[in-house]
Amino acid sequence: MLYIGNFPSLIHLLQLCYPFSLAMADGSRDIFSALDNAKTQLYHFKAIVIAGMGFFTDAYDLFCITAVTKLIGRLYYYDPSKGEPGKLPKNVNNAITGVALCGTLAGQLFFGWLGDKLGRKQVYGITLITMVGCAFASGLSFGSTPHSVIASLCFFRFWLGFGIGGDYPLSAVIMSEYANQKTRGAFIAAVFAMQGVGILVAGAVAMIVSKSFLVAYKAEVFSQNHVLSTQPEGDYVWRIVLMFGAVPAMLTYYWRMKMPETARFTALVRGNHEKAAADMAKVLEHDIIVDELRLKIPAVPNPSYKLLSREFVKRHGLHLLGTTTTWFLLDIAFYSLQLTQKDIYPATGLVPKALSMNAIEEVYKISKAMFLVALFATVPGYWFTVFLIDRIGRFIIQLGGFLLMSIFMAVIGFQYNDLRGYKDKCPPDSTDEFCDGKPHLFAAFYGLTLFFANFGPNSTTFIVPAEIFPARFRSTCHGISAAAGKAGAIIGAFVVQSYAQKDEEIKRAIVSLSVVNLIGFLFSFLVPETKGKSLEQLSGEDMNEGDSEGVKKADEKPEERI
């Protein structure tokens, strides 16, 4: 145990505790140097799990709806005169899948701004409570008519998305400000990689729940019995699947509240170096007791310019343009693929046609396909990013991902009918929805597209905004960038899905998404490489961003400033 008492400056404290050179004179910079050069230790992994569980919940709640929308259609929108399973009307389907994205966009802007005003830790608990309450409420959507059930479901999913939106900027910024310089990219990527795990678990939970109900409540397939093929107990299936999203969030609430505020926010935004030093000791888990810092270390003055002012635009405008446009363009393509998975699965041969299944069996088949795609395509892409991002850099991963996504989607678009097959070529007794196609090749191209989305811009667009902006704007700018992404996702959910109903429309949509990815490739040149640099170097805060008085004070010796 080391007892700190009457040291003349914080530099002496850090030099005793850490064997590296501390060249900067300012107290806050010494703290950041200690964080940047600290070895990877237990607290870093705890932070990844705590922040990552929020992202796990985010992804689970956003994507589990894919597994159950067709079941909701069978339960509430069956029309005996059509001779086919119930199906959600186009506008209802778009509302269910897209309303959470609208809430997410609003939450990213609001909580991103609030995180810079009140602090990362204080806002972090609010977002979690919102997610838990609304995830439960989504499963309890009330009413006895389709209109009332869908209206209440959309209401609660909007506010669920609102809470999810807050987790984007806060999780990214907290992890970036806790991480050391050498492995910062991998740590932030690991938090984001929990999105892939959330998608995987969403498929697994839907698969387990539906299989359990399928064993307990057997039913004939739709072609044999139009009415009894839809088990009434299916109404519990989708509700349980949605409500499960609250469980992992609840498990992390206590640990979120125990996390200290990030030292960078405390020092750079609040100007409290003593507390930042104490919080640093907690984060690095070093046996330090801060008894008294008799000599107050003054804060380096913050630059006077404000967010989106002329000076901000001059210093960070192109960076913000780069992070917003690339995330916007990426999410148009990424969410169009993710939210339409239930329609793509039959084309890849993973799910038989609806007439050959009962209602709960269809959930099982879709969730199984969702699980397999996540396991072999989605999740590996995330973890390739984790392991390689601090070796080859963010810029190369983003460029390569956009380019390869564009190529694979162009191939799928131009060869869509040949890869998918044709409905009219299936014999009457076939269980396949499409025949005479190349389903394995289709699945391979689709899987590669998802792989290079995640080992590519889907990860890097999340990471870079948490690194390149000043501390007092970092959460807000990440929220703005993420909100731009969700605007793209909303276009994918409402515009692309509404347009792509017929074969030729689907082909044109996929080719158009390929072009969107290519434009994202070009806009990536506005985003700087951040590998191997400290947050203060990237944001300009190590030079106090041109504030001459601050630079002068920073150059003075600590004893002179005291």
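Computed from a predicted structure; not experimentally measured.

(A) Quick look at the nonpolar core. Ranked by size, the top nonpolar core spans 127 residues in total, and within it Tyr 168, Met 175, Trp 238 and Phe 462 carry the most contacts. In terms of residue count, the dominant contributor to this core is helix 8 (residues 184–216) (17 residues). Apart from the residues within four sequence positions on either side, Met 175 is in contact with His 44, Ala 47, Ile 48, Phe 187, Ile 188 and Val 191. Formed by 9 residues, the second largest nonpolar core is a distinct cluster that contains Phe 312, Phe 469, Cys 477 and Val 527.

(B) Layout of the packing of helix 4 (residues 65–76) against helix 15 (residues 359–392). Remark: helix 4 packs on helix 15, axes separated minimally by 8 Å, with the N-to-C direction vectors making an angle of 165°. Classed by the angle they form, the pair helix 4 and helix 15 counts as roughly antiparallel. Helix 15 is crossed by helix 4, and the crossing has right-handed handedness. On the side of helix 4, the interface is formed by Thr 66, Ala 67, Lys 70, Leu 71 and Arg 74, while helix 15 contributes Ala 359, Glu 362, Val 363, Ile 366, Ser 367 and Met 370.

(C) Representation of the state of the cysteines in the model. Under the defined criterion, the tally for this structure stands at 1 disulfide. For Cys 426, the disulfide goes to Cys 435, at an S-S distance of 2.1 Å. Torsion about the S-S bond of the Cys 426 and Cys 435 cystine: about 115°, corresponding to right-handed handedness. Given a relative accessible area of 16%, Cys 426 falls into the buried group. Cys 435 sits in the buried class, given a relative accessible area of 12%. Cys 102 takes part in no disulfide bond, and the closest cysteine sulfur to it belongs to Cys 154, at a distance of 9.9 Å.

(D) Structural context of helix 4. Helix length check: helix 4, at 12 residues, gives a terminal C-alpha distance of 16 Å against a target of 16 Å (1.5 Å per residue), a fit within 8%. Where burial is concerned, most of helix 4 is hidden: 10 out of the 12 residues are buried. The complete set of buried residues in helix 4 reads Ile 65, Thr 66, Ala 67, Val 68, Thr 69, Leu 71, Ile 72, Gly 73, Arg 74 and Tyr 76.

(E) Region of the structure containing the layout of surface pockets. Approximately 150 Å³ is the volume found for the second largest pocket. Lining the second largest pocket are Trp 113, Asp 116, Lys 117, Val 269, Leu 307, Arg 472, Phe 473 and Thr 476.

(F) Seen up close, the pattern of salt bridges. Enumeration over the complete set of coordinates arrives at 13 salt bridges. For Glu 362, the salt bridge goes to Arg 74, with nearest N and O atoms at 2.9 Å. Placement of Glu 362 in helix 15 and of Arg 74 in helix 4 is noted, with a sequence separation of 288 residues between them. A salt bridge links Arg 264 to Glu 536, with the shortest nitrogen-to-oxygen separation between them at 2.8 Å. Placement of the pair is Arg 264 in helix 11 (residues 263–269) and Glu 536 in helix 22 (residues 535–539), with a sequence separation of 272 residues. Side by side, Arg 264 and Glu 536 carry an identical accessibility label, which is buried. By sharing partners, the salt bridges in this structure join Asp 116, Arg 120, Glu 177 and Arg 474 into a single network.

(G) The confidence of the model for the protein chain, seen in detail. Confidence in the prediction of the protein chain, expressed as mean pLDDT, is 82, and 85% of residues score 70 or more. Confidence, read as mean pLDDT per element, is least for helix 23 (residues 548–555) in the protein chain (35) and greatest for helix 19 (residues 457–463) (95). Across residues 1–26, where pLDDT falls below 50, the model places 62 contacts with residues more than four positions away in sequence or in other chains.

(H) Examining the side chain of Ser 171 more closely. In this structure, Ser 171 sits in helix 7 (residues 146–178). Reaching out from Ser 171, the side chain makes a polar contact with the side chain of Tyr 124 at a distance of 2.8 Å. Setting aside residues no more than four positions away along its own chain, Ser 171 makes contact with Ala 51, Phe 55, Tyr 124, Val 191 and Arg 256.

(I) Spotlight on the environment of Met 194. Among the structural elements, Met 194 can be located in helix 8. In this structure Met 194 comes out as buried when scored by relative accessible area, which is 17%. C-alpha separation for the pair Met 194 and Asp 58, spaced 136 residues apart in sequence, amounts to 9.2 Å.

(J) Representation of a nonpolar patch on the surface. Side chains of Phe 136, Phe 244, Val 247, Met 250 and Leu 251 sit close together on the surface and give an oily, nonpolar patch of about 420 Å² of accessible area. If you tally residues by element for the nonpolar patch, the top one is helix 10 (residues 246–258), at 3 residues. Mapped onto the fold, Leu 251 is located in helix 10.

(K) Spotlight on the environment of Gly 198. By the element assignment, Gly 198 lies in helix 8. Sequence-wise, Gly 198 and Thr 57 are 141 residues apart; in three dimensions their C-alpha atoms are separated by 6.4 Å. Excluding its chain neighbours within four sequence positions, the residues that come into contact with Gly 198 are Phe 56, Ala 59 and Tyr 60.

(L) A look at unusual backbone geometry. Positive phi is not limited to glycine here, since Leu 308 has a value of about 65°. In this fold, Leu 308 is placed in the loop between strand 2 (288–290) and helix 13 (310–339). The class of Leu 308 is exposed, set by a relative accessible area of 52%. Of note, the phi angle at Asp 436 is positive, near 65°, even though the residue is not glycine.

(M) Molecular detail of the packing of aromatic side chains. This structure, assessed with the given rule, holds 35 aromatic pairs. Relative to Phe 462, the ring of Phe 55 has its centre 4.9 Å away and its plane inclined at 75°; by these criteria the two rings are edge-to-face. One end of the pair, Phe 55, is in helix 3 (residues 42–63); the other, Phe 462, is in helix 19, and 407 residues separate them in sequence. The pair Phe 55 / Phe 462 is uniform in exposure class, with both members buried. Here the aromatic rings of Phe 395 and Phe 525 are separated by 5.5 Å at their centres, their planes lie at 75°, and the arrangement is edge-to-face. Of this pair, Phe 395 sits in helix 16 (residues 394–414) while Phe 525 sits in the loop between helix 21 (503–523) and helix 22; the two residues are 130 residues apart in sequence, bridging distant segments of the chain. Chaining the aromatic ring pairs together yields one cluster made of Phe 55, Tyr 168, Phe 192, Trp 327, Tyr 382 and Phe 462. Stacked on the ring of Tyr 364, the Lys or Arg Lys 211 has its end atom at 5.1 Å from the ring centre. Sitting above the plane of the Tyr 124 ring, Arg 256 keeps its charged end 3.7 Å from the centroid.

Conventions adopted
Residues numbered from 1 in each chain as written. Predicted model: local features only at pLDDT ≥ 70, side-chain atom pairs only at ≥ 80, totals over all residues. Heavy atoms only, no water. Core = buried A, V, L, I, M, F, W, Y, C linked by side-chain atoms within 4.5 Å. Buried < 20%, exposed > 50% of the residue type's maximum accessible area, 1.4 Å probe, protein only. Helix = DSSP H or I, 4+ residues; strand = E, 2+ residues; numbered from the N terminus. Contact = heavy atoms within 4.5 Å. Axes fitted to C-alpha atoms, helices over the stretch in contact; angles between N-to-C directions. Parallel < 35°, antiparallel > 145°, perpendicular 65-115°, else oblique. Left-handed = near helix turned anticlockwise from the far one by under 90°. Disulfide = S-S within 2.5 Å. Expected span 1.5 Å × (residues − 1). 1 Å grid on protein atoms, 1.4 Å probe; cavity = no way out; pocket = protein on both sides within 12 Å on 5 of 7 lines; lining within 4 Å. Points joined across faces, edges and corners; volume = space filled by probe spheres on them. Salt bridge = Lys/Arg side-chain N within 4 Å of Asp/Glu carboxyl O. pLDDT = per-residue confidence, 0-100. Polar contact = N/O pair within 3.5 Å; in protein donor to acceptor, adjacent residues only side chain to side chain. Patch = residues over 30% accessible without salt bridge, like charges linked within 9 Å, V, L, I, M, F, W, Y side chains within 5 Å. Areas by Shrake-Rupley, 256 points an atom, 1.4 Å probe, with all protein chains shown as cover. Phe/Tyr/Trp six-rings, centres within 6.5 Å; stacked < 30°, edge-to-face > 60°. Lys NZ or Arg CZ within 6 Å of the ring centre and 35° of its normal.

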